[in-house]
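One-letter residues, chain by chain:
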Amino acid sequence: MSKLSIRAVSKVFGAGTTAVDSVSLDVADGELVCLLGPSGSGKSTLLRLVGGFEQPTSGTIAIDGQDVTRLPPEQRPTGMVFQSHALWSHMNVFNNLAFGLKLRKRPAAEIRDRVEGVLELVGLKGYDRRMTNELSGGQQQRVALARSLILEPKILLLDEPFASLDQHLRERLREEVRDIQLRLKITTLFVTHGQDEALSMADRIVVMQNGRTEQADRPEIIYRDP
Ligand code: ADP
Ligand code: ADP
């Protein structure tokens, strides 16, 4: 049961670039919202603001009614998956996944169970001893997703997670991620510049343009009105 509430959030970089311009957006419990728009429209900045990787110039961000606007990323109940995997290549899959739980001083048996559970969830059962740099691009993105999910975030944030993959794999991963999202019923904000990607995954699409949200509707309605 988690909802995200973004209220009049703006982000101005340096002296003049308004990357996000007074955006208000609610994401309902269990909903997957796609932020769709051209390069430079502010999608990634908005996502980074929700994840705590940027501080807003003004406005507030709340999760389940709790103001998280000033919390650093590690104290937010959010999990972020970046465009390129950003896994630790000198660690095997197990250690990549266990890292955050070890920091939180979870017992070893619990860590083993959760690693096993999350690997099964992303379709990589038995991959725990593999080095991440030996995995394919798609497998690496599955590990990155698993690494976010293992901490049981309330809000999942995905920043063009399939951008580096070929078309076929991208389509497959889309389906897999949507299945996992529906199964966990996890509230999700997904950034993409691909209309087909947004159409195939989203409960709701929010179109961004020049830092503003232009249109927010169900995919079939956006599709009727291109
Ligand atoms: P999108 O994700 O839609 O491509 P971004 O959020 O990355 O858009 O960028 C929105 C605007 O903010 C762009 O004009 C970009 O150049 C600018 N911008 C993003 N990050 C920074 C930064 N760290 N410093 C300065 N300008 C930035
Ligand atoms: P299991 O019953 O083996 O835990 P699940 O499919 O329920 O299987 O979960 C697999 C993994 O996904 C868990 O180990 C957990 O880290 C993660 N997970 C489960 N539920 C949630 C949730 N609501 N939000 C985020 N992550 C979750």
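Above this note sits the structure.
Residues numbered from 1 in each chain as written. Chains lettered and ligands numbered in written order. Predicted model: local features only at pLDDT ≥ 70, side-chain atom pairs only at ≥ 80, totals over all residues. Heavy atoms only, no water.

K.L.:
Report on the sheet that holds strand 4 (residues 58–63), specifying residues and quantitative values.
P.N.:
The strand order across the open sheet built from four strands is 2-1-4-5, with neighbouring strands paired in antiparallel fashion. Each edge of the open sheet is held by one strand with a lone partner, namely strand 2 (17–27) and strand 5 (66–67). Where strand 1 (residues 4–13) lies against strand 4, five bridges are found, and the strand directions are antiparallel. Residue pairing in the sheet places Ser5 in a bridge with Ala62 of strand 4. (Pairing = 2+ DSSP bridges. Helix = DSSP H or I, 4+ residues; strand = E, 2+ residues; numbered from the N terminus.)

K.L.:
So what about the side chain of Gln181? Which residues, and what values?
P.N.:
Counting through the fold element by element, Gln181 comes out in helix 5 (residues 167–184). Only 3.0 Å separates the side chain of Gln181 from the backbone oxygen of Gly30, close enough to count as a polar contact. Looking at Gln181, its side chain comes within polar contact range of the main-chain oxygen of Ile186, at 2.9 Å. Contact partners of Gln181, with chain neighbours within four places excluded, come to Gly30, Glu31, Leu32, Ile186 and Thr188. (Polar contact = N/O pair within 3.5 Å; in protein donor to acceptor, adjacent residues only side chain to side chain. Contact = heavy atoms within 4.5 Å.)

K.L.:
Let's hear about the layout of surface pockets: which residues, and what values?
P.N.:
Quantified by volume, the largest pocket comes out at close to 630 Å³. Every residue lining the largest pocket is counted, 27 residues in all, and those nearest its centre are Thr78, Gly79, Met80, Arg104 and Leu151. It is helix 2 (residues 93–103) that contributes the most residues to the lining of the largest pocket, five residues altogether. The residue makeup of the lining of the largest pocket, split by class, is 14 nonpolar, eight polar and five charged. (1 Å grid on protein atoms, 1.4 Å probe; cavity = no way out; pocket = protein on both sides within 12 Å on 5 of 7 lines; lining within 4 Å. Points joined across faces, edges and corners; volume = space filled by probe spheres on them. Nonpolar A, V, L, I, M, F, W, Y, C, P; charged D, E, K, R; others polar.)

K.L.:
Could you give an account of the site of ligand 2, with specific residues and numbers?
P.N.:
The environment of ligand 2 is formed by Arg114, Gly117, Val118, Leu121, Leu149, Ile150, Glu152, Pro153, Arg183, Leu184 and Ile186. Separating a nitrogen atom of ligand 2 from a backbone N or O atom of Leu149 is a distance of 3.2 Å. Contact distances for ligand 2 include 2.7 Å between an oxygen atom and a side-chain N or O atom of Arg183. Protein contact buries 63% of the 540 Å² of open area that ligand 2 shows by itself. Secondary-structure elements contributing two or more residues to the shell around ligand 2 are helix 3 (108–121) and helix 5. Among the elements that make up the shell around ligand 2, the one with the highest residue count is helix 3 (four residues). (Near = heavy atom within 4 Å. Areas by Shrake-Rupley, 256 points an atom, 1.4 Å probe, with all protein chains shown as cover.)

K.L.:
Which residues make up helix 1 (residues 43–51), and what are the values?
P.N.:
Think of an α-helix as turning once every 3.6 residues; residues three or four places apart then point the same way. Extensive coverage of helix 1 is indicated by the burial of seven of its nine residues. Among the residues of helix 1, those classed as buried are Lys43, Thr45, Leu46, Leu47, Leu49, Val50 and Gly51. Looking at the residues trailing helix 1, positive phi occurs at Gly52, about 90°. (Buried < 20%, exposed > 50% of the residue type's maximum accessible area, 1.4 Å probe, protein only.)

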